[in-house]
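Descriptive analysis of the structure
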Amino acid sequence: MLQRQILKSTYTIVTFTSIVTFILLLFQFACIVFLEESNIKKESKYITDKLDRILVQRERAIEVAHSTLSTCDMDTLTELRKLIFKLDYIKDIVLFETDGMKIECTAVASELENFQEINTKGFPSFQFKGRDMWKGIEMPYLPGAGKYHLTREADFGIVLDPRQIDIPFSHMTWQLFIRDESLRKSINLYGNLQEDTTDTASSIFNGIMLSYEQCSGTIRTACILVGINAKQLAVRKKELLILALVISLNIGVGLFYLLRRAQIARQSLDGRIRMSLEENSDDFFCHYQPIIDLKNGKIVGCEVLARYSDDLGAITPDVFIKSVESQNLCWKFSEQLFQIAIEDLNTLQDLPRDFRVSFNFFPSDLQETNLFNLKSSKVIRQLASAPFVVMCEILETGMKENQNIFVALQYLRSLGYLIAIDDFGTGHSNLKQLKEIRPDYLKVDKTFTDEIRTSSVSVRSGFFQHIIAIAKLAHTDEILECAVDNTQISVLQQHGVKYAQGYLFSKPLTIENLRQRMRENSHGSPTRELIFEASTISA
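Described below are features of the structure shown in this document. (Residues numbered from 1 in each chain as written. Predicted model: local features only at pLDDT ≥ 70, side-chain atom pairs only at ≥ 80, totals over all residues. Heavy atoms only, no water.)

**Concerning the nonpolar core**
It is characteristic of soluble globular proteins that their nonpolar side chains tend to be buried jointly. Counting residues in each nonpolar core, the largest one holds 68 residues, and the members touching the most others are F359, F361 and F388. When residues of this core are assigned to their parent elements, the largest contribution, nine residues, is made by helix α7 (residues 330-345). Ignoring anything within four residues of it in the chain, the contact list for F388 reads L345, L351, F355, V357, F359 and L383. Among the nonpolar cores identified, the runner-up in size contains 21 residues, and A61, L83, I90 and A107 belong to it. (Core = buried A, V, L, I, M, F, W, Y, C linked by side-chain atoms within 4.5 Å. Buried < 20%, exposed > 50% of the residue type's maximum accessible area, 1.4 Å probe, protein only. Helix = DSSP H or I, 4+ residues; strand = E, 2+ residues; numbered from the N terminus. Contact = heavy atoms within 4.5 Å.)

Given below as structure tokens:
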């Protein structure tokens with residue numbers, strides 16, 4: 001059972017730390033994606049700004065060409081060369097024949113001896129504002145290999161080199177395109193995609209994890225779409241992703257270590273007791289051992305006994321009491337146990353007015369240092385007004401350890417509590433202390449009754465007679481904590497002992513069993529009849 005519970009709780013810790021580690025990794029990944037998205041937006045803005053400058057320069061070149069380029073004279077070409085020198089992104093300005101695509105002259109190459117016809121591969125790639133536009137065409141007279149964008153209006157054309165745009169997205173998927181909403185087509189101008197057209201601009205990046213679209217402020221239909229997939233992100237942010245993984249794993253391992261230590265502490269004896277008291281759980285509960293009137297066998301009271309059982313199993317009183325004391329949890333334990341007993345005993349109906357309920361107090365509960373807690377305790381006041389007689393039970397050995405309990409006992413007596421000294425005869429109390437405490441009952445330890453016989457001359461039986469004599473001098477009643485046979489009962493009665501408790505009469509009972517036993521007891525079934533069936537189980 002215990003091993004099963006430990007394995008179950010360990011599995012819970014492993015599951016919890018795995019989930020936390022995964023969530024932390026996702027959070028860090030989301031942060032990386034967010035940063036990358038910010039970078040994409042920043043770089044997209046940079047490109048669209050450059051695109052705007054290119055388009056502005058193209059419009060400037062078109063405007064000048066309109067006003068000056070009608071013939072291929074040297075003055076005109078010289079002016080155009082000066083303009084191209086000023087415009088960073090314009091590669092050339094050309095003059096075509098009125099019909100066809102043969103070039104008569106260019107600003108770069110001057111007047112061509114043999115008109116060169118540009119291979120446009122058919123119709124323009126697209127038209128915009130009445131202008132024919134081609135993308136990716138060759139200009140043979142220009143030095144170096146390359147494909148250019150050509151915009152023609154009337155008889156002149158503006159040549160753009162798309163490489164001038166200087167795209168910084170080598171690690172991403174990107175595309176400059178013109179959106180033609182009337183045809184619901186996107187004309188790709190420049191980028192690292194293979195498709196020429198697509199149904200919608202947004203579908204360019206099908207399968208892309210992260211994308212961002214930015215359009216030109218000059219021409220709203222000219223846009224750039226930038227995206228990145230998981231593989232590209234892993235390459236670009238490899239160091240950050242590795243760092244995120246290491247951080248997540250370290251935190252996960254650290255969290256597992258801390259939770260495992262907490263689990264071990266919780267599953268230790270002291271940890272189980274401490275957590276049960278701190279959480280005010282139902283791990284602690286009460287059993288009640290009847291106190292019997294030896295004259296008639298009737299139940300006249302009971303002693304409240306603490307019991308403990310949690311999901312890891314039960315712990316015996318002699319073990320958990322030591323744990324409570326070693327952790328200085330005595331008063332917290334006492335208050336919780338008293339509260340449990342109050343709730344239990346309130347379920348008993350028609351209790352006799354003189355029904356005695358005995359509660360065990362730790363010596364530290366009665367110290368002057370705890371006097372404030374004692375006097376301010378709500379539970380102590382509740383007991384004082386309970387429908388039964390409350391008996392404060394203290395160990396005789398505790399009287400020597402703690403000489404400052406008299407003020408606390410006087411306070412309890414002022415509330416109507418009776419006082420009993422438990423295990424009397426095993427400690428070192430004297431008549432002076434008895435007179436100061438003035439106990440109402442002395443509970444004689446079973447060791448003094450084990451050897452009692454009618455003809456006994458044992459040392460312990462002799463001590464027993466002295467204890468009886470002391471009790472009479474102190475004007476107290478005696479409660480014997482155990483008797484094992486009828487002979488002992490007879491001897492006890494001969495010495496005037498009125499009350500007894502122990503397994504001979506009844507083992508400690510749950511509140512339900514105590515209620516049933518008292519019901520039987522009130523209908524003429526005295527507990528003393530059990531003497532003839534009782535075994536010799538010790539208390």
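**Observations regarding the state of the cysteines**
For the structure on display, the rule yields two disulfides. With its sulfur 1.9 Å from that of its partner, C72 forms a disulfide with C105. The sign of the S-S torsion, about -80°, decides the handedness of the disulfide formed by C72 and C105: left-handed. Of this pair, C72 sits in the loop between α1 (2-68) and α2 (74-86) while C105 sits in strand β2 (residues 102-106), placing them 33 residues apart in sequence. Residue C72 is classed as buried on the basis of its relative accessible area, which comes to 15%. For C105, a relative accessible area of 1% puts it in the buried group. One disulfide in the model links C215 with C223; its S-S distance is 2.0 Å. Linking C215 and C223, the disulfide has an S-S dihedral of approximately 90° and is accordingly described as right-handed. Residue class for C215 comes out partly exposed when judged on its relative accessible area of 24%. Residue C223 is classed as buried on the basis of its relative accessible area of 0%. (Disulfide = S-S within 2.5 Å.)

**Notes on a nonpolar patch on the surface**
A grouping of I19, F22, I23 and L26 is seen on the molecular surface, where their side chains present a nonpolar patch of about 390 Å² in accessible area. Looking at the secondary structure, you find I23 in helix α1. (Patch = residues over 30% accessible without salt bridge, like charges linked within 9 Å, V, L, I, M, F, W, Y side chains within 5 Å. Areas by Shrake-Rupley, 256 points an atom, 1.4 Å probe, with all protein chains shown as cover. Salt bridge = Lys/Arg side-chain N within 4 Å of Asp/Glu carboxyl O.)

**Notes on the pattern of salt bridges**
Within the structure shown, the criterion is met by 10 salt bridges. Put simply, R272 and D310 hold a salt bridge, and the shortest N to O gap is 2.7 Å. One end of the pair, R272, is in helix α5 (residues 269-278); the other, D310, is in strand β13 (residues 299-310), with 38 residues separating them in the sequence. Through salt bridges with shared partners, a single ionic network connects R58, E59, R131 and E153.

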